[in-house]
Amino acid sequence: SNGVRWIIILTIFANSMQAKPTFTTTATTTMTNNNLLQTLQTKYHHQPTFLQAVEEMALSLKPLFDDPVDGEFYQRAFVAMTEPERVISFRVPWTNDQGNLVFNRGWRVEFSSVLGPYKGGLRFHPTVDEGVLKFLGFEQIFKNALTGLPMGGGKGGSDFDPKGKSEGEIRRFCQSFMTELHRYLHPSTDVPAGDIGVGGREIGYMYGQYKRLANKHGEGVLTGKSILFGGSPLRPEATGYGLVYITKLAVETKLERSLEGMRCAVSGSGNVAQYACQKLLEFGAKVVTVSDSNGVLVFEDGMTQEDWNVLVDAKQVQRVRLSAIADKVSGTYVQNETPWSVDVMFDLALPCATQNEITEKGAKRLVEKGVLGVMEGANLPTSIEGQEVLRAANFLYIPGKAANAGGVGVSGFEMSQNAQRLTWESAEVDRRLKKLMADIYAQMEDASGVDGTLEEGANRAGFLKVTQAMKELGWIN
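Numbering of residues starts from 1 in each chain and follows the order in which that chain's sequence is written. The predicted nature of this model means local features are confined to residues of pLDDT at least 70 and side-chain atom pairs, given and counted, to a pLDDT of 80 or more, with totals for whole chains, interfaces and linings taken over all residues. Excluding hydrogens and water, the side-chain figures rest on all heavy atoms present in the structure.

Moving on, we get to the overall build of the chain. Across its full length, the chain holds 17 helices and 14 strands. Throughout, radius of gyration means the C-alpha value; the globule benchmark is 2.2 Å times the number of residues raised to the power 0.38. The C-alpha radius of gyration of the chain comes to 22 Å, within 12% of the 23 Å expected for a compact globule of 477 residues. On the principal axes, the C-alpha backbone points of the chain span a range of 65 × 55 × 40 Å. Burial classes follow relative accessibility: with a 1.4 Å probe on protein chains only, a residue under 20% of its type's maximum area counts as buried, one over 50% as exposed, and anything between as partly exposed. Classification of the 477 residues of the chain by burial places 57% in the buried group. Working rule for contacts: check all heavy atoms of both residues, and any pair within 4.5 Å makes them a contact. Sequence-distant contacts, at least 24 apart, represent 71% of the contacts inside the chain between residues at least 6 apart. All accessibility values rest on the Shrake-Rupley procedure with a 1.4 Å probe; residue burial counts only the protein chains present in the view. Carbon together with sulfur atoms contributes 50% to the accessible area of the chain, which is approximately 18900 Å² in total. Neither His nor the chain ends contribute to the count of charged residues, in which Lys and Arg are positive and Asp and Glu negative. To locate a charge, take NZ of a lysine, CZ of an arginine, CG of an aspartate or CD of a glutamate. Charge separation in the chain, taken as the distance between the mean sites of 49 positive and 54 negative side-chain charges, equals 5 Å. Here a helix means four or more residues in a row that DSSP labels H or I, a strand means two or more in a row labelled E, and each is numbered from the N terminus.

Structure follows, in C-alpha cells:
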C-alpha cells in the first residue's frame, strides 16, 4: 500500500541521518531529514503521481544520502529540487462550434532553471492537473541533465481533451492557450514542446499565435515545429528512435544478444510508439503489439512494413482509433486489453503510452512470461508496485528519464539550430542522437557502480549533475 511504502522510505531517510539528524533548507522551514517525505506527503497528498516520482528518485539516491561526508548536502539539494521555482496557472476561454464559450485550465510548471531555460512539453488531456505536471516536470529535470545539453526542467498543459474536437475547436483552443502563455516564453527563459495531445498541428497553431502577439519571427520559443518555420529534422521521430538506440545498446551489453529477431511489445500508437516500431523493424526485431486506450493490435508473426504504413496513416492523417484499421492490417484487434494483459509472448516490453500503465499485476505477468527487459518510452509508465516487482526479478530496466530522452535531446538540437539560423541535415541530427543515447547509457553504467542497476545509475547521474550545478551557482551550500 501507499502508506507502507512511505513508511519504508521515511525509514531510509531516518537511518541515513542518524549521525546528523537535522539540517536547514533554503526556505524558512527547518526540518529533520526523516520527516522530509512525510512533509511532502502531507503538503501534496492530493498529488499522488508527483509523490510517486519523488519516491522513485529517493530510493535510488539512498547511497548518496548515506554518504558520511556529503550525505547531508545531497539531502539539502534534494529538498530544494522537489519544489518548483514557479507554477503558472491560468484560465483558457475558447469558443466551440456551437458558439458557446468554454473554459479550461492551463498550467506551466517552471521547475528548475539550474542547467538552462525551462524545457519540457505541453500535454492536453482531461487527466492533466498541477500534480501530474509537477511529476512530469520533476522527471524532466533529470532527463534533461542526462542529455548534457543546457536545459532546465519544466512541463505544462491543460485539462482540455482534443478527442472528438473539430479542427476549428482545436485551433481556437491552442490560440487562446498561447495568448496567456506567450508572455512567459523566451529562448533563454522557457521553451515548451509537445506531449500527449500536442503534436505538430497544435505546435503550429500555438507558434502562429505567438508570432501574431510578439511580432517576433524565427525565435526558438517552441520546439517540435514544422521544418517550414524552424523545426528540426527527425524531431517527431526522435523519442522513438532514441528509445530503440538505447534498447539496442542494453540488449547487446547486458543480455549479450542481438536485437534482431527479438519479439518486442510496444504500447501506445502515438509518435513515440510509431517511430519506435519503425526503428525496431529496421533493426530486424519483431513488433508484436501496439495499442490505444480502447484496445490492442496483436501481431503474432510480427508487424510488417505495410502494417506500419497503415498505422501511421490512421494516426497522423485520419486520426482514428486502432479498431478502425483492424481489417486493414495483419494483426488481430483485442478490445479492452493492453499489451501487458493480452495473451502474447515477447522478449522486451517498450511501454510508450502513459504513466502507470504497467501495474503490479502487469509486471508479474511480464516476469511469468520470461520477459527479459523493460525500456520506458513513456514517462513513468511503470507503477511503484510494478517497479518493485521488476527490481525483485532483477529485470533489465531502463527508466523513461533515460530511455525516452532522445526527444528532448533533439528539441535541444532544434534550439541550437534556431539560434544559428540554420537547419541541419537529417543524417547529422541522427548521428548526434545516436551519440547522445550512447552517452546517456555510459552515464547510467558509470553511476550505477559495481552492484547498482541502470535505473539507479540514471537517477544518480542526473541528480549529481544538477546538484553540482546548484553548488557552483551558489544556490545551495
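Within soluble globular proteins, side chains that are nonpolar generally end up buried alongside one another. Among the nonpolar cores identified, the biggest contains 57 residues, and Leu259, Leu280, Met303 and Ile398 are the most heavily contacted of them. Considering each element in turn, this core owes the most residues, eight residues, to helix 9 (residues 238-254). Beyond its immediate stretch of four places on either side in the chain, Met303 contacts Cys277, Leu281, Val287, Val290, Trp308 and Leu311. With 38 residues, the next largest nonpolar core counts Tyr44, Met57, Phe111 and Val128 among its residues. Take the buried residues of types Ala, Val, Leu, Ile, Met, Phe, Trp, Tyr and Cys, join any two whose side-chain atoms come within 4.5 Å, and each joined set is a nonpolar core.

The next thing to look at is the pairing of strand 4 (residues 101-112). Note that strand 3 (residues 86-95) and strand 4 share ten bridges and pair antiparallel. Note on strand 4: the bridge partner recorded for Thr95 is Leu101. A pair of strands is labelled paired if DSSP reports no fewer than 2 bridges between them. Turn length for the strand 3-strand 4 hairpin, with the two strands adjacent in sequence and antiparallel, is five residues, and the turn residue Gly99 shows positive phi of about 85°. In terms of strand pairing, strand 4 meets strand 6 (residues 153-158) through six bridges, oriented antiparallel. Note that in strand 6 the partner of Ser112 across the bridge is Gly153.

Time to look at a nonpolar patch on the surface. A surface patch of nonpolar side chains, about 320 Å² in accessible area, is lined by Ile227, Leu228 and Phe229. With respect to the element layout, Phe229 can be found in the loop between helix 8 (200-214) and helix 9. Classification of Phe229 as partly exposed rests on a relative accessible area of 33%. Nonpolar side chains (Val, Leu, Ile, Met, Phe, Trp, Tyr) are joined into patches within 5 Å and like charges within 9 Å, using only residues with over 30% relative accessible area and no salt bridge. Criterion for a salt bridge: a side-chain nitrogen of Lys or Arg within 4 Å of a carboxyl oxygen of Asp or Glu.

On to the side chain of Ser232, then. By the secondary structure assignment, Ser232 is in the loop between helix 8 and helix 9. In protein, a polar contact requires one atom able to donate a hydrogen and another able to accept it; more generally it is a pair of N or O atoms within 3.5 Å, and residues adjacent in sequence count only if both atoms are side-chain atoms. A distance of 2.9 Å separates polar atoms of two side chains, one belonging to Ser232 and the other to Gln417. Sequence-distant contacts of Ser232, that is, excluding residues within four places in its chain, are made with Lys225, Ile227, Val410, Glu414, Gln417 and Val429.

The next thing to look at is the sheet that holds strand 3. One open sheet accounts for five strands, arranged 3-4-6-5-7; its pairing is mixed. In this open sheet, the two edge strands, each paired with only one partner strand, are strand 3 and strand 7 (190-193). Going across the sheet, the axis of each strand differs from the next one's by a mean of 20°, ignoring polarity. With axes taken as lines fitted to C-alpha atoms, and helix axes fitted only over the stretch in contact, angles between N-to-C directions fall between 0 and 180 degrees.

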